Protein chains: 2
Amino acid sequence: MSRGQTPTTTSYATLGLLAVQPWSTYELTNQIRRSLARFWPRAASKLYEEPRKLVALGYATAETQHQGRRRRTVYAITPEGRRALAAWLATTGAPPALESEQLLRVFLADQGTRQDLLDTLAATRAWARERAVVDAAIAREHLGGGPFPQRLAVNTLVGRYLSDMSEATERWADWASEIVRDWPDDLSELPVDTDALQMIADRDPAGR
Amino acid sequence: MSRGQTPTTTSYATLGLLAVQPWSTYELTNQIRRSLARFWPRAASKLYEEPRKLVALGYATAETQHQGRRRRTVYAITPEGRRALAAWLATTGAPPALESEQLLRVFLADQGTRQDLLDTLAATRAWARERAVVDAAIAREHLGGGPFPQRLAVNTLVGRYLSDMSEATERWADWASEIVRDWPDDLSELPVDTDALQMIADRDPAGR
DNA sequence: GGTGACATACTCCCATGGGGAGTACTCCCC
DNA sequence: GGGGAGTACTCCCCATGGGAGTATGTCACC
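Residues numbered from 1 in each chain as written. Chains lettered and ligands numbered in written order. Predicted model: local features only at pLDDT ≥ 70, side-chain atom pairs only at ≥ 80, totals over all residues. Heavy atoms only, no water.

Going by an unreviewed UniProt entry, chain A carries the name Transcriptional regulator, PadR family and comes from Pseudonocardia ammonioxydans.

What follows covers the packing of helix H1 (residues 9-20) of chain B against helix H4 (residues 50-57) of chain B. Residues and elements named next belong to chain B. Between H1 and H4, the least distance of the axes is 9 Å, while the angle of their chain directions is 85°. Considering their axes alone, H1 and H4 lie roughly perpendicular with respect to each other. Listed contacts from H4 to Thr-10, Ser-11, Thr-14, Leu-15 and Leu-18 of H1 are Glu-50, Pro-51, Lys-53 and Leu-54. (Axes fitted to C-alpha atoms, helices over the stretch in contact; angles between N-to-C directions. Helix = DSSP H or I, 4+ residues; strand = E, 2+ residues; numbered from the N terminus. Parallel < 35°, antiparallel > 145°, perpendicular 65-115°, else oblique. Contact = heavy atoms within 4.5 Å.)

Residue and element names in this part refer to chain A. Domain annotation of chain A identifies domain 1 (9-89) and domain 2 (101-201). Counting the surface lost from both domain 1 and domain 2, the interface buries some 560 Å², and carbon and sulfur atoms represent 64% of this. Contact with domain 2 buries surface across domain 1, with Val-20, Arg-38 and Phe-39 losing the most and accounting together for 83% of the total. Here domain 1 is connected to domain 2 by one salt bridge. (Domains from an automatic or database assignment. Buried area = accessible area lost by both parts, 1.4 Å probe. Salt bridge = Lys/Arg side-chain N within 4 Å of Asp/Glu carboxyl O.)

What follows covers the relation of the copies chain A and chain B. Its rotation angle being 180°, the transformation that places chain A on chain B also includes 0.0 Å of axial translation and leaves an RMSD of 0.0 Å. The relationship between the two copies is best expressed as a two-fold rotation axis. Residues of chain A ranked by C-alpha distance from the rotation axis are headed by Leu98(A), positioned 2.4 Å from it. Most of the interface of chain A is mirrored in chain B, where 100% of its interface residues again form contacts. (Least-squares fit on C-alpha atoms with pLDDT ≥ 70 in both.)

On to helix H9 (residues 194-201) of chain A. Three- or four-residue spacings in an α-helix give side chains the same orientation, since the helix completes a turn every 3.6 residues. By the burial criterion, the buried members of H9(A) are Ala196(A), Leu197(A), Ile200(A) and Ala201(A). Projected down its long axis, H9(A) shows its buried positions confined to an angular sector of 140°, all on one face. On its buried face, H9(A) is in contact with helix H8 (152-181) of chain A together with helix H7 (114-143) and helix H8 (152-181) of chain B. N-capping of H9(A) is provided by Asp193(A), with a side-chain oxygen placed 3.3 Å from the backbone N of Asp195(A). (Buried < 20%, exposed > 50% of the residue type's maximum accessible area, 1.4 Å probe, protein only. Arc of directions from axis to C-beta. Polar contact = N/O pair within 3.5 Å; in protein donor to acceptor, adjacent residues only side chain to side chain.)

Inspection of the secondary structure assignment puts Ser100(B) in the loop between strand E4 (97-99) and helix H6 (101-107). In this structure the side chain of Ser100(B) is engaged in a polar contact, spanning 2.9 Å, whose partner is the backbone nitrogen of Leu103(B). What Ser100(B) contacts, discounting residues up to four positions off in sequence, is Phe39(A), Trp40(A) and Pro96(A).

This part covers the packing of aromatic side chains. Enumeration according to the criterion identifies eight aromatic pairs over all chains in this entry. Centroid distance Trp23(A) to Phe148(A): 6.2 Å. Interplanar angle 65°. Geometry classified as edge-to-face. With Trp23(A) in strand E1 (residues 23-24) and Phe148(A) in the loop between helix H7 (114-143) and H8, this residue pair connects regions lying 125 residues apart in the sequence. On the basis of relative accessible area, Trp23(A) is assigned to the buried category, the value being 7%. Judged by its relative accessible area of 26%, Phe148(A) falls in the partly exposed class. The positively charged end of Arg105(A) is found above the aromatic ring belonging to Trp88(B), 3.9 Å away from the centroid. (Phe/Tyr/Trp six-rings, centres within 6.5 Å; stacked < 30°, edge-to-face > 60°. Lys NZ or Arg CZ within 6 Å of the ring centre and 35° of its normal.)

Another point: the pattern of salt bridges. Inspection of every chain in the model, using the stated rule, returns 30 salt bridges over all chains. Here Glu99(B) and Arg42(A) are joined by a salt bridge, their closest N and O atoms 3.2 Å apart. Remark: Arg42(A) occurs in the loop between helix H2 (25-34) and helix H3 (44-47) and Glu99(B) occurs in strand E4; the pair is interchain, linking two chains. What makes Glu99(B) partly exposed here is its relative accessible area of 29%.

Structural data, given as structure tokens:
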């Protein structure tokens, strides 16, 4: 590496957007917030630092433009940047990780009330539905022809994953709510859903 | 708050485990790694600090035991801790967040080769399968009667979610691989899967 | 009874990242 | 010509990630 920092995954995420077209940092953060953030959430303040790192690495060039007395910096990918991106794409990377405060609340639900749990499940469901509506709107936009047709095929793969996730979340929340509704108020002795456990066990047919 | 730090979500996660029974910090980190880490991943070094914070807040007590010349600290929840936990469970918390380096690679796949993408999809699928096997083993253990029967019902709810997620991931990886297999080597002009887009759009029936 | 290997039981520290506050200009509408 | 939304950033504190390091106890096996 040309000196100093080594590129992080976020660096390559930024580089990948620059591979599509040059962007100003502000546009870059917006692009990230509207698409990438769903599976690679990062703080906006840090995103502003990434393009500078890319320039230091020789992966991008910076061009300062002026509108009146306000300056903006537009970044573009270099051939070396494209090579680095291609090399990174050939590596595999960390598997998906889930982070859910709401699921944590479900996990500890026996220390609270039944209503608390139902509320949490309702919030999860509402979130999943909201995602579905947003994803549907984006899909409809693409069906009508979007801004980057050459990116539509991969976008569809990713969109399908996100849609599958939120759909599974919605279904799960409905299933769980139905079960919890039948629970007694005292959560210290609850009926066990043997069928659900058996279903999970059956996902490994080889398991003894 | 009794002074100093305010409890974080990780504090309540720790408190929730202490609500089940007293644990030493070492046991606590192991419990977290084997269950909680799936939906609330945190660095082990930080988990060692949490119980101390709980003591400072009056939510837990620490008892130092000795085995020979080695000391261990066992933490137990206080009534005040139980009240705080119950109050926290009545709040809703942040929705699920996904973090996937692999999905990021799919998103940027048009800058790499078709084989890179197939490799990434294979890695995702392998991870999902591995999860299914682990979850199945845990479910089978529970079906045979586990250590905390009073926790089994909520554990089943959470387990079902994790299982649904990994199952959806596995299916998606299979679906995506099949599509990508038919793509040409040149990824700059790819066929668009209109059916998939339509499916995503249809998840919002109200959408115009 | 000696000696690994593995489990238990932590502490410390640096760099990274999260997240919010703050600044200022530009464009457009009313 | 005044206000508000959008553009274009910078700065900084603190929490967290993640790895290195230290030491003791237990058990199997030769």
